[in-house]
Amino acid sequence: MIDTNDPCFVFGHNLDSEGGGTRIRTGELNQAWVHIDYSHPSAARFLDSLDIQKIVVQSLTQPDTRPRTVKFKEGLLVFIRGINLNPGADPEDMISLRIWIEADRLITVRQRKLLSIQDINEDILAGKGPENIPDLVVAIIGRVTDRISDYVEGIEDQLVRLELAVQSVNMSCSRSQISMLRSEIASVRRYLGPQRDALDTLYTYATTSMPEGCAYQLREQIDRMTRYLEDLDLVRERTLVLQEEVMNIAMAQQNTRMYALSIVSLIFLPVTFVTGVFGMNVGGLPGLEDPTAFIIIVGTMLFISISVIAILKVKRWF
């Protein structure tokens, strides 16, 4: 018997082999999919009531997991991660989904809502869902991979916008966004690498325990996951190149400003020397009583400045 009134119970279906299913209420589980929330204290007791061995229950309800696949005599235990697309959440804060696969039932366990699971639930209610447990496993992995695909495409679009913005005046904004993007990619990449390995292990077992068509579809999902990992690696490399380009542009701008200041200083250095000499408050300075001395000094400074500029032009210093 299954207690559908338990607070950890989210939903459940008995698949009808035609793409639909009947909601589990109480009674026998037949080609059943049970979905629960492990954050409730009653989750472990609920799983115990389904005659699942203790070590599997502990694995399904532990606070933190890494993607992996473990084979037991009674079934397969699979841990994967999905993109967090809940409102106000960070996509890189990936949601853990735990899957217990048996011949005639599938149990999925999560803490936070996963849109991929909701999509499949709606398909079953509409009569367009998977027809059996192997198809359901492939469908779940496929929907999770679809969300990852959308996320990777979004990351690539974001990088293109940053590449176009690098030449803009708001360089500090571009640098901060590039750093955030690199951090986000690293967070997602941390789970997708082991997830590909976990699915590869699942495929190894699926070749002998699932229909050939399901195993082939599972292989396709693994290939997709590998491609998205490669895309993320490429994006990460592009962010490194972009970050170097931003630093080079900033350094070039700084060098240009320093060069301009050096030229101005070089032009006015002789003039400053002349004004310094004639600005001393000591006796014996020439021209103190000559009314034309000021004009002569100014003319001399102007001549010196023009001469310095001419020399710089001849030497092509600017």
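This text gives an overview of the structure that appears in the document.

1. Remarks on the overall build of the protein chain
Part 1 of the reasoning: The helix and strand tally for the protein chain stands at 7 helices and 7 strands.
Part 2 of the reasoning: The linear arrangement of helices and strands in the protein chain, starting from the amino end, is β-β-β-α-α-β-β-β-β-α-α-α-α-α.
Part 3 of the reasoning: Across its three principal directions, the C-alpha atoms of the protein chain cover 120 × 40 × 35 Å.
Part 4 of the reasoning: Sorting the 318 residues of the protein chain into buried and exposed places 41% on the buried side.
Part 5 of the reasoning: Here the contacts in the protein chain between residues at least 6 apart in sequence split such that 64% fall between residues at least 24 apart.
Part 6 of the reasoning: Summed over its atoms, the accessible surface of the protein chain is roughly 17,400 Å², and 56% of this surface lies on carbon and sulfur atoms.
Part 7 of the reasoning: A gap of 5 Å separates the mean positions of the 32 positive and 40 negative side-chain charges of the protein chain.

2. Re the packing of aromatic side chains
Part 1 of the reasoning: Scanning the entire structure with this criterion turns up 3 aromatic pairs.
Part 2 of the reasoning: On the numbers, 6.1 Å between centres and 45° between planes, the contact of Phe 9 with Phe 46 is tilted. Taken as a pair, Phe 9 in strand E1 (residues 9-15) and Phe 46 in helix H1 (residues 43-48) lie far apart in primary sequence, 37 residues in all. Like Phe 9, the residue Phe 46 is buried in the burial classification.

3. Structural notes on the side chain of Thr 145
Part 1 of the reasoning: On the secondary structure map, Thr 145 appears in helix H4 (residues 133-165).
Part 2 of the reasoning: Look at Thr 145 and you get buried, because its relative accessible area is 0%.

4. Let's talk about the sheet that holds strand E5 (residues 76-82)
The strands making up a sheet associate through backbone hydrogen bonding, with each pair oriented either parallel or antiparallel.
Part 1 of the reasoning: Pairing is mixed in the open sheet, where 7 strands are placed in the order E2-E1-E3-E7-E6-E5-E4. Among the strands making up the open sheet, the edge pair consists of strand E2 (21-23) and strand E4 (68-71). When strand polarity is set aside, the average angle formed by the axes of neighbouring strands in this sheet is 20°.
Part 2 of the reasoning: Sheet topology places strand E3 (residues 32-37) next to strand E7 (residues 105-110); 6 bridges connect them, and they run parallel. What sits directly across from Asp 37, in E7, is Arg 110.
Part 3 of the reasoning: Its contacts with the sheet put H4 on E1, E3, E5, strand E6 (95-101) and E7, and the angle it makes with E7 is roughly 30°.

5. Describing the pairing of E4
Here is the key point about a regular strand: its side chains alternate between the two faces of the sheet.
Part 1 of the reasoning: Here E4 pairs with E5 via 4 bridges, running antiparallel. Among the inter-strand pairings, Lys 71 is bridged to a residue of E5, identified as Leu 76.
Part 2 of the reasoning: If you look at the hairpin formed by E4 and E5, you'll find 4 residues sitting between the two strands.

6. Here we look at the pattern of salt bridges
Part 1 of the reasoning: Tallied over the entire structure, the rule returns 15 salt bridges.
Part 2 of the reasoning: Between Asp 64 and Arg 81 there is a salt bridge, and its shortest N-O distance comes to 3.2 Å. Taken as a pair, Asp 64 in the loop between helix H2 (54-61) and E4 and Arg 81 in strand E5 lie far apart in primary sequence, 17 residues in all.
Part 3 of the reasoning: The class for Asp 64 is exposed, based on a relative accessible area of 52%.
Part 4 of the reasoning: Judged by its relative accessible area of 7%, Arg 81 is buried.
Part 5 of the reasoning: Linking Arg 196 and Asp 197 is a salt bridge whose minimum nitrogen-to-oxygen distance equals 4.0 Å.
Part 6 of the reasoning: Residue class for Asp 197 comes out partly exposed when judged on its relative accessible area of 45%.
Part 7 of the reasoning: Salt bridges here are not isolated pairs; linked through shared partners, they connect Asp 119, Asp 123, Arg 143 and Arg 147.

7. Quick word on the side chain of Ser 116
Part 1 of the reasoning: Residue position: Ser 116 is located in helix H3 (residues 115-125).
Part 2 of the reasoning: By relative accessible area, Ser 116 is classed as buried at 2%.
Part 3 of the reasoning: A distance of 3.2 Å separates a polar atom in the side chain of Ser 116 from the backbone oxygen of Arg 143.
Part 4 of the reasoning: When neighbours within four sequence positions are excluded, Ser 116 is seen to be in contact with Arg 143, Val 144 and Arg 147.

8. Structural notes on unusual backbone geometry
Only a minority of non-glycine residues have a phi that is not negative, and only a minority of peptide bonds are not trans.
Part 1 of the reasoning: Unusually for a residue other than glycine, Ser 17 sits at a positive phi of about 65°.
Part 2 of the reasoning: Structurally, Ser 17 can be placed in the loop between E1 and E2.
Part 3 of the reasoning: For Asp 51, which is not glycine, the phi dihedral falls at a positive 60°.
Part 4 of the reasoning: Along the chain, Asp 51 turns up in the loop between H1 and H2.

9. Describing the packing of H4 against helix H6 (residues 212-278)
Part 1 of the reasoning: The contact between H4 and H6 brings their axes to 10 Å, and the two run at 15°. By the angle between their directions, the pair H4 and H6 is classed as roughly parallel. Between H4 and H6 lies a crossing of left-handed hand.

Conventions used here
Residues numbered from 1 in each chain as written. Predicted model: local features only at pLDDT ≥ 70, side-chain atom pairs only at ≥ 80, totals over all residues. Heavy atoms only, no water. Helix = DSSP H or I, 4+ residues; strand = E, 2+ residues; numbered from the N terminus. Buried < 20%, exposed > 50% of the residue type's maximum accessible area, 1.4 Å probe, protein only. Contact = heavy atoms within 4.5 Å. Areas by Shrake-Rupley, 256 points an atom, 1.4 Å probe, with all protein chains shown as cover. Lys, Arg positive; Asp, Glu negative; His and termini not counted. Charge placed at Lys NZ, Arg CZ, Asp CG, Glu CD. Phe/Tyr/Trp six-rings, centres within 6.5 Å; stacked < 30°, edge-to-face > 60°. Pairing = 2+ DSSP bridges. Axes fitted to C-alpha atoms, helices over the stretch in contact; angles between N-to-C directions. Salt bridge = Lys/Arg side-chain N within 4 Å of Asp/Glu carboxyl O. Polar contact = N/O pair within 3.5 Å; in protein donor to acceptor, adjacent residues only side chain to side chain. Parallel < 35°, antiparallel > 145°, perpendicular 65-115°, else oblique. Left-handed = near helix turned anticlockwise from the far one by under 90°.

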